[in-house]
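# Descriptive structure summary
Listed here are the chains, written in short residue letters.
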Amino acid sequence: MKKLLLISSISFGAVAFAQEAKTEAPASDTIKAWSIQGQNTLMLNQAAFSNWVGGGANNVGWLAGVNYNLTYEKGKDLWENIIILGYGQNNTQGTGVRKTQDVINLSTNYGREFAKHWYLSAGAGLQTQFAPGYEDGNNPDAKKISNFMAPGYLSVGAGVTYRPNDNLTVTLRPANARWTFVLDDDLQKAGTYGLKNDGDSSLFQFGFLGTAMYKLKIMENITLLNTASVFSNYLDHPERLVLGYSGVLSMKINKYISTNVTLDLLYDHNQIWKTQLKQTLGVGLAYNFDNGKKRSENKDNQSWLKK
């Protein structure tokens, strides 16, 4: 009987200890430090005419692109990387192949939090295109006006970043170096993209750069992504601002089909003393992916934010 009581006591104690240990075990943080969001798109368009009195030319076109946002958030560290690539063509009967989209936009920004939502930050960005561009609607028989890394813009700077949530990011860099590269020999002429002399391949500027990104959810499956930038060159005519805006309206039909409308505005006196505008509309295949909730979306699991 005594042995039975002893065995029962030991068993009960072991179960109680296991339950207590299980209760006191800290909850695991399932939120990932890395968050990867992206969109891959392929837009197609086509038109055919036969004895159509209203007129028209047979044409077929395509546009492909990727838009990735890779964010690392851990402790007080924030590292955001953006990759935007896009290229498209249209083949019209009687006219030939013309480029309709051409963009390379890469950026990275690292920040260390010093106050709630505020980060001391430093980063870099590169903007250029894949293929040559021509006057007269990218007609290859016309005068060439641009090419890969002609121009190409490289920016490196430091400042502060304000990021209260994943939908708004504002970066201010009072110290920002900006290089304009013109690596095509045919375009290395004085005045082209701000070059000072014939044969120059680059132009150096130093000034203030401000960028902002705001994502607005208009309704279910309809979002508007706004990005804007302003640059002022301290070294030469700081009042001549370089202004840029990009808007992307995404309307998701289902997991694989969506409609995108884009609007790009640019004013850069080194390119042309006029406001540049580009607008595109496409319906086609789009695959979006998200590897899980960002750490910033679950503040309860961030002990570093608790005072």
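About the criteria used
Residues numbered from 1 in each chain as written. Predicted model: local features only at pLDDT ≥ 70, side-chain atom pairs only at ≥ 80, totals over all residues. Heavy atoms only, no water. Helix = DSSP H or I, 4+ residues; strand = E, 2+ residues; numbered from the N terminus. Buried < 20%, exposed > 50% of the residue type's maximum accessible area, 1.4 Å probe, protein only. Contact = heavy atoms within 4.5 Å. Areas by Shrake-Rupley, 256 points an atom, 1.4 Å probe, with all protein chains shown as cover. Pairing = 2+ DSSP bridges. Polar contact = N/O pair within 3.5 Å; in protein donor to acceptor, adjacent residues only side chain to side chain. Axes fitted to C-alpha atoms, helices over the stretch in contact; angles between N-to-C directions. Patch = residues over 30% accessible without salt bridge, like charges linked within 9 Å, V, L, I, M, F, W, Y side chains within 5 Å. Salt bridge = Lys/Arg side-chain N within 4 Å of Asp/Glu carboxyl O. Phe/Tyr/Trp six-rings, centres within 6.5 Å; stacked < 30°, edge-to-face > 60°. Lys NZ or Arg CZ within 6 Å of the ring centre and 35° of its normal. pLDDT = per-residue confidence, 0-100.

With that settled, consider the overall build of the protein. When its secondary structure is counted, the protein shows 2 helices and 14 strands. For the protein, the residues scored as buried account for 32% of the 307 residues in total. Of the contacts formed within the protein by residues at least 6 apart in sequence, a portion of 53% connects residues at least 24 apart. Here the protein displays about 18400 Å² of accessible surface, and carbon together with sulfur accounts for 61% of that area.

Once that is clear, we can look at the pairing of strand S10 (residues 202-219). Sheet topology note: the strand S9 (residues 168-181)/S10 ladder contains 12 bridges and is antiparallel. Across the sheet, the residue bridging to Leu-168 is Tyr-214, located in S10. As consecutive antiparallel partners, S10 and strand S11 (residues 222-233) are separated by 2 residues, and within that stretch Asn-221 has a phi angle of approximately 70 degrees, a positive value.

Relative to the helices and strands, Val-160 resides in strand S8 (residues 152-165). Here Val-160 falls in the partly exposed class, since its relative accessible area comes to 24%. Put simply, Val-160 and Arg-173 are 13 residues apart on the chain and 6.5 Å apart in space, counted from C-alpha to C-alpha. Here Val-160 is in contact with Phe-114, Trp-118, Tyr-119, Leu-120, Ser-121, Val-170, Thr-171 and Leu-172, once residues within four sequence places are set aside.

Okay, the side chain of Asn-226 next. With respect to the helices, strands and loops of the structure, Asn-226 is situated in strand S11. Within the structure, Asn-226 has its side chain in polar contact with the side chain of Tyr-245 (distance 2.6 Å). Excluding residues within four positions of it along the chain, Asn-226 makes contact with Ala-212, Met-213, Tyr-214, Tyr-245 and Ser-246.

One closed barrel accounts for 12 strands, arranged S1-S2-S3-S4-S5-S8-S9-S10-S11-S12-S13-S14; its pairing is antiparallel. On average, each strand axis in the sheet is tilted by 20 degrees relative to the strand beside it, whichever way the strands run. Bridge analysis of strand S2 (residues 59-74) against strand S3 (residues 77-92) gives 16 bridges, and the strand direction is antiparallel. When the sheet's bridge partners are listed, Asn-69 is paired in S3 with Ile-82.

Turning our attention to the environment of Lys-76. When you line up the elements, Lys-76 lands in the loop between S2 and S3. The class for Lys-76 is partly exposed, based on a relative accessible area of 34%. Remark: the alpha-carbon pair of Lys-76 and Gly-111, spanning 35 residues in sequence, is separated by 8.2 Å.

Taken together, the side chains of Leu-42, Leu-44, Trp-62, Ile-253, Tyr-256, Ile-257, Val-283, Leu-285 and Tyr-287 define a hydrophobic patch exposed on the protein surface, amounting to about 840 Å² of accessible area. Elements that contribute at least two residues to the nonpolar patch include exactly strand S1 (34-47) and strand S14 (272-290). Top contributing element to the nonpolar patch by residue count: S14, with 3 residues. One can find Leu-44 in strand S1. With relative accessibility at 56%, the residue Leu-44 sits in the exposed group.

Before going further, it helps to examine the packing of aromatic side chains. Counted according to the given criterion, the structure contains 7 aromatic pairs. Centroid distance Trp-118 to Tyr-162: 4.8 Å. Interplanar angle 40 degrees. Geometry classified as tilted. One end of the pair, Trp-118, is in strand S5 (residues 118-128); the other, Tyr-162, is in strand S8, and 44 residues separate them in sequence. By relative accessible area, which is 34% here, Trp-118 ends up partly exposed. By the ring-pair criterion, three or more aromatic residues cluster together here, those being Trp-34, Tyr-72 and Trp-79. Geometry around Phe-231 places Arg-178 over its ring, the cationic atom sitting 5.2 Å from the centre.

Considering every residue of the protein, the mean pLDDT works out to 84; 84% of them sit at 70 or more. Within the model, the stretch residues 1-29 combines pLDDT values under 50 with 2 contacts to residues more than four positions away or in other chains.

Turning next to the pattern of salt bridges. Taken as a whole and judged by the stated rule, the model has 9 salt bridges. Between Asp-268 and Arg-178 there is a salt bridge, with its nearest N and O atoms 4.0 Å apart. A residue pair is termed long-range when its members are at least 10 positions apart, and Asp-268 in strand S13 (residues 257-268) and Arg-178 in strand S9 qualify at 90 residues. Asp-268 gets classed as buried once you look at its relative accessible area, which sits at 2%.

As for its position among the elements, Ala-131 is in the loop between S5 and strand S6 (133-134). Among the residues examined, Ala-131 registers a relative accessible area of 14% and is labelled buried. Considering only alpha carbons, one finds Ala-131 and Tyr-87, 44 residues apart in sequence, at a separation of 9.1 Å. If near-sequence neighbours (up to four positions away) are discounted, Ala-131 is found in contact with Tyr-87, Lys-99, Asp-102, Asn-147 and Phe-148.

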